[in-house]
Amino acid sequence: MTRIGFLRLFFVAGFILAVEALCRTGAISPRVLIAPSDMAVRLAWLLASGKANADIAETLGNVAIALVLSVSGGFAIGAAIHAFPRLRRAIDPFLASYYALPFFAFYPLFIVLFGLGRGAIIAIGFLFGVVAMIIATLNGFDRIPPVLVRTAAIYHMGPAAAALRIKLPSAIPYLFTGVKLAIAYSFIGVIAAEFIMASSGLGYSISYAFNNFDNGTMYALMLFVIVLVTVVNALFYSYERRLMRRWGR
Amino acid sequence: MSARETRRTDVHAEMRGVTRVYGGSGGSAGVQALAETNLRLRRGEFYSVIGPSGCGKSTLLDVLAGLSRPTTGEILFEGRPLDGRVPDGVGVVFQEDASFSWLTVADNIVFGLRRTGVDAAEIARRLDHALRLMGLVDFAKAYPAQLSGGMRQRVCIARTLVMQPRMILLDEPFGALDAQTRLIMGDELLKVWRETGATVLLITHALDEAAMLSDRIGIMSARPGRIIEEIETRWPRERDSRIAANAAFGDITARLWSVLRDESLKAIRQGAGP
């Protein structure tokens, strides 16, 4: 591990130990926050008992579908917009201000459109992630060396073949940024949607535990979400670093 | 006329009255990159185009390759007019690094070949040959990031060679390399030219490179560029960079410079020079 890595680990461990000490000494009331060790014990129990398995599987399934749709859809839409500069100029202001929308204010509309089920939740996760991927694709395509585009012309590659075989790998560093954002946004969109419009899933379970003063379950599930998102991001980051080192980027 | 003479005068590619103007829509005049240009490339010859900075050398290559449409005039390759795309049988090597950083050297080289429906055994045979010819055998599994600039340019040349082009167009392919590497790469280009029998058109700004490598050299005027003079070197087909020691080499470079000097001064006055 690098020195920066040790320093990072030191800060995280120090923060957890400080919270643990504050909780154990009573400085923080258990009604507000339970000790991290209690969260871990409760989470281990939840996982071992299988009580949360269905909710975890549902949320992960929703996130996975929303992520695949937002990454593949975002790339396809971004590549198509990039091919039409006038269309792009027209759309650019909407893309730039997209995340300023108070998205969850429109949740009744999603229920009307997709019903009270997974469809509406996945749609929110998708719509949350897709624009980050579109913007990343546009940024990546803008920075493809022109000589590679001319090389595609030498091999008589059509727009789709050039986009998949040359532009996509060439724009990978920017697309990875889009995927990382899409992962984060898909989790946020799905879990937040489950809070307000679901009867199962991790978001719903956290909300249910909160409403029933079950701090142990609530914090255990929150810890699970944090650990899960951190592990997914760390794995992706590690893969990205290995690939970029090999490609000399 | 002997068979050899017939071959030497057989026109392989031709530009007839070609001009190229960039922009010019909405009432503005645009920028004329190429003035009316006529050029005949003989089958199997090594032809270099030399000219001052910004004179339209790369534009000439682009329109001849089919990468860009001429504003007026006609381009023929093997007797057929270009149809708006790079004709089969034409390979292009650019000045910039066009290797694909995400593919190994071997995958880079066979990238285009895999799209043509050539069977796996033939792909392997051509890959092996190209790796040997370009001195890349030990680097087949390396990624471009692990190679020097000269090696990456060899990968791009090898990628062109495996397509077995009948005409190879090179746009200042050694421009980013140091002087010694350029000489060595020039020798290797001559070897490739002899071995493939392809017609070669090399765009260069280096007098010595043009004089050393070419059968004929076309000198372009300052922008808008056109071929204003052609010089025949009469070098033997078997030659390499050591030909620079030949007395005629000095004469050729002197003749090139005597024409090019005025055009370079014009280019500097136009603001395109150093």
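Residues numbered from 1 in each chain as written. Chains lettered and ligands numbered in written order. Predicted model: local features only at pLDDT ≥ 70, side-chain atom pairs only at ≥ 80, totals over all residues.

All right, on to the pairing of strand S1 (residues 11-22) of chain B then. Each regular strand displays side chains that alternate between the two surfaces of the sheet. Residue and element names in this part refer to chain B. Alignment of S1 against strand S2 (residues 31-42), held across eight bridges, turns out to be antiparallel. Note that in S2 the partner of Arg20 across the bridge is Leu34. Bridge analysis of S1 against strand S4 (residues 72-77) gives five bridges, and the strand direction is antiparallel. If you follow Met15 over to S4, its bridge partner there is Ile75. (Pairing = 2+ DSSP bridges. Helix = DSSP H or I, 4+ residues; strand = E, 2+ residues; numbered from the N terminus.)

So, on to the packing of helix H3 (residues 53-83) of chain A against helix H10 (residues 202-211) of chain A. All names here are of chain A. In the contact formed by H3 and H10, the axes pass within 8 Å of each other and the chain directions differ by 135°. Here H3 is positioned oblique relative to H10, judged by the angle of their axes. Seen from H3, the contacting residues are Asp55, Ile56 and Thr59; seen from H10, they are Leu202, Gly203 and Ser205. Of the residues in the contact of H3 with H10, the class split is two nonpolar, three polar and one charged. (Axes fitted to C-alpha atoms, helices over the stretch in contact; angles between N-to-C directions. Parallel < 35°, antiparallel > 145°, perpendicular 65-115°, else oblique. Contact = placed C-beta atoms within 7 Å. Nonpolar A, V, L, I, M, F, W, Y, C, P; charged D, E, K, R; others polar.)

Domain boundaries assigned for chain A yield domain 1 (1-33) and domain 2 (46-247). Once you take the C-alpha centre of each, domain 1 of chain A and domain 2 of chain A turn out to be 30 Å apart. (Domains from an automatic or database assignment.)

This part takes up the domain arrangement of chain B. Note on interface size: it is often stated as the accessible area lost on association of the parts. Residues and elements named next belong to chain B. By the assigned domains, chain B splits into domain 1 (3-89 + 165-270) and domain 2 (99-164). With centres defined by C-alpha atoms, the gap from domain 1 to domain 2 works out at 25 Å. On the side of domain 2, 10 residues touch domain 1, which itself brings 12 residues to the contact. Taken together, the residues of the side of domain 1 that touches domain 2 sort by class into eight nonpolar, two polar and two charged.

So, about the interface of chain B and chain A. Counting residues at the interface gives 14 residues for chain B, matched by 15 residues for chain A. Here the residues of the side of chain B that touches chain A sort into nine nonpolar, two polar and three charged.

A few words on the nonpolar core. B:Leu64, B:Ile109, B:Ala158, B:Leu169, B:Val200 and B:Leu201 are the most contacted members of the largest nonpolar core, which totals 122 residues. At 15 residues, helix H6 (residues 118-142) of chain A tops the list of elements feeding residues into this core. Excluding residues within four positions of it along the chain, B:Leu201 makes contact with B:Leu41, B:Tyr47, B:Val49, B:Leu61, B:Leu64 and B:Leu169. (Core = buried A, V, L, I, M, F, W, Y, C linked by C-beta atoms within 7 Å. Buried ≥ 20, exposed ≤ 12 C-beta atoms within 10 Å, placed from the backbone.)

Once that is clear, we can look at the sheet that holds strand S3 (residues 46-50) of chain B. In a beta sheet, neighbouring strands are held together by backbone hydrogen bonds and run either parallel or antiparallel to one another. All names here are of chain B. The strand order S6-S7-S8-S3-S9-S10 describes an open sheet built from six strands, whose pairing is mixed. Bordering the open sheet on either side are strand S6 (90-93) and strand S10 (227-232), each of which pairs with just one other strand. Going from strand to strand, the sheet's axes swing by 15° on average, the running direction of each strand aside. Direction of pairing for S3 relative to strand S8 (residues 199-204): parallel, over a ladder of five bridges. Paired with Val49 across the two strands is Ile203, which belongs to S8. Sheet strands in contact with helix H5 (residues 149-161) are S6 and strand S7 (167-171), and its direction is about 175° off that of S6.

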